[in-house]
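The primary structure of each chain is shown beneath.
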Amino acid sequence: MAARLSVNVNKVATLRNARGGDVPSVIAAVRTIVAAGAPGITIHPRADERHIRAVDARAIAAELASLREQIEFNIEGDPRPDLLAMVEELRPHQCTLVPVRPGEITSQAGWPTDTSRAELGAITSRLHGLGVRVSLFIEADLEAVRWARDVGAQRIELYTEPYAHAFSAGRGEAELARFAAAAELAHDLGLGINAGHDLDLDNLPLFSRLPHLDEVSIGHALISHALFVGLDRAVRDYLAVLVE
């Protein structure tokens, strides 16, 4: 089966926030994305609310409530108290826990494998108790896969920026093999496999061959493409790659 596409709408909020007001509307973007056939919506609310805000998260959850059986809602972010409280309130299908470095513009790495299993495991258990699937953002590394299993994740999200850089340098096939080894181990350990970061229309056709790939989360590249072709067409272009 083809991997599912979850569209990250953070960049729509970034554009809105650059001017103030409500244009472009994040909710209008979500409606367009869903109408175009994407089966998932992702948001990453940061503590400084520089793009998605808490009010956006609640509005998106309300918009998708009647579509819960068709559209997956994924909230990602670092496991800070207000983010966990938001997940408890909104009960998305999935929460992707991501390490955050002070001052970063976007995610720069997966979870270090020396992160406390007990501390993060307690958070994972809390989210499981809410009926929320937990995914951990990790490097394509065998030790990281085992660490995620031990912490109690149900899925991993492979950090794909290294793959994107390797693809640009003509080493995509070799780097994909490294990702495939991590994916095979994750599958053997009973973990689902998501992926995201710097995937685009150029490098996604090759990456979509990753074994056992369940979902890709794409935001920046898709929204950038939409500036030239429109959001509906951009979503359909990415969906077409995933079903090839």
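Use the structure listed above.
Residues numbered from 1 in each chain as written. Predicted model: local features only at pLDDT ≥ 70, side-chain atom pairs only at ≥ 80, totals over all residues. Heavy atoms only, no water.

1. What about the overall build of the protein chain?
Point 1. Looking only at helices and strands, the protein chain features 11 helices and 8 strands.
Point 2. Rg of the C-alpha trace for the protein chain: 17 Å, near the compact-globule value of 18 Å for 244 residues, within the 12% margin.
Point 3. In terms of overall dimensions, the protein chain has C-alpha extents of about 45 × 40 × 35 Å along its principal axes.
Point 4. Sequence-distant contacts in the protein chain: of pairs separated by 6 or more residues, those separated by 24 or more amount to 66%.
Point 5. A total accessible area of about 10800 Å² is found for the protein chain, and carbon and sulfur atoms account for 52% of it.
Point 6. Here the protein chain holds 24 positive side-chain charges and 33 negative ones, and the gap between their average locations is 3 Å. (Helix = DSSP H or I, 4+ residues; strand = E, 2+ residues; numbered from the N terminus. Rg over C-alpha atoms; globule rule 2.2 N^0.38 Å. Contact = heavy atoms within 4.5 Å. Areas by Shrake-Rupley, 256 points an atom, 1.4 Å probe, with all protein chains shown as cover. Lys, Arg positive; Asp, Glu negative; His and termini not counted. Charge placed at Lys NZ, Arg CZ, Asp CG, Glu CD.)

2. Details of helix H4 (residues 81-90)
Point 1. Among the residues making up H4, those that are buried are Leu83, Leu84, Met86, Val87 and Leu90. Across the axial projection of H4, the buried residues extend over an arc of 155°, all falling on one side.
Point 2. Check the buried side of H4 and you find it contacts helix H3 (54-64), strand S3 (72-77), strand S4 (94-97) and helix H5 (117-129).
Point 3. Arg91 occupies a position one or two residues after H4 and carries a positive phi of about 50°. (Buried < 20%, exposed > 50% of the residue type's maximum accessible area, 1.4 Å probe, protein only. Arc of directions from axis to C-beta.)

3. Digging into the nonpolar core
Point 1. Membership of the largest hydrophobic core comes to 79 residues, with the highest contact counts inside it found for Leu5, Ile60, Leu136, Leu158, Leu210 and Leu222.
Point 2. Not counting residues within four places of it along the chain, the set of residues in contact with Leu158 comprises Ile138, Glu139, Ala140, Phe179, Ala182, Ile193, Asn194, Ala195, Gly196 and Leu210. (Core = buried A, V, L, I, M, F, W, Y, C linked by side-chain atoms within 4.5 Å.)

4. Points about the packing of aromatic side chains
Point 1. Scanning the entire structure with this criterion turns up 6 aromatic pairs.
Point 2. Where Trp111 meets Trp147, the ring centres are 6.4 Å apart and the plane angle is 35°; that geometry is what we call tilted. Of this pair, Trp111 sits in the loop between S4 and H5 while Trp147 is found in helix H6 (residues 142-151), placing the two residues 36 residues apart along the sequence. The same class applies to Trp111 as to Trp147, namely buried.
Point 3. Geometrically, the ring pair formed by Phe137 and Tyr159 is edge-to-face, given 5.4 Å between the ring centres and 65° between the ring planes. Remark: Tyr159 occurs in strand S6 (residues 155-159) and Phe137 occurs in strand S5 (residues 133-138); sequence separation between them is 22 residues. As far as burial versus exposure is concerned, Phe137 and Tyr159 are alike and both buried.
Point 4. Aromatic ring contacts, followed pair by pair, group Tyr163, Phe167, Phe179 and Phe207 into a single cluster. (Phe/Tyr/Trp six-rings, centres within 6.5 Å; stacked < 30°, edge-to-face > 60°.)

5. Some remarks on the pairing of strand S8 (residues 213-218)
Consecutive side chains of a regular strand alternate in pointing toward one face of the sheet and then the other.
Point 1. Within S8, 5 of the 6 residues are buried, which leaves the element mostly enclosed by the surrounding structure.
Point 2. When strand S1 (residues 4-8) meets S8, the two strands line up parallel, connected through 4 bridges. Bridge pairing in S8 places Val7 opposite Ile218.
Point 3. With 4 bridges connecting them, strand S7 (residues 192-196) and S8 associate as parallel partners. (Pairing = 2+ DSSP bridges.)

6. Re the packing of H4 against H5
Point 1. Two elements in contact, H4 and H5, have axes whose closest approach is 10 Å; the angle formed by their N-to-C orientations is 20°. The angle between H4 and H5 falls in the class roughly parallel. When you trace H4 past H5, the crossing you get is right-handed. Together, Leu84, Ala85, Val87 and Glu88 of H4 and Ile123, Arg126 and Leu127 of H5 make up the contact between the two elements.
Point 2. For the contact of H4 with H5, the class distribution of residues is 5 nonpolar, no polar and 2 charged. (Axes fitted to C-alpha atoms, helices over the stretch in contact; angles between N-to-C directions. Parallel < 35°, antiparallel > 145°, perpendicular 65-115°, else oblique. Left-handed = near helix turned anticlockwise from the far one by under 90°. Nonpolar A, V, L, I, M, F, W, Y, C, P; charged D, E, K, R; others polar.)

7. Comments concerning unusual backbone geometry
With the exception of glycine, the majority of residues adopt a negative phi angle, and the majority of peptide bonds are in the trans configuration.
Point 1. Each neighbour pair has its own omega, and for Val23 with Pro24 the value is 0°, a cis peptide bond.
Point 2. On the secondary structure map, Pro24 appears in the loop between helix H1 (10-19) and helix H2 (26-35).
Point 3. In this structure, His197 takes a positive phi of about 120° despite not being glycine.
Point 4. The class of His197 is buried, set by a relative accessible area of 13%.

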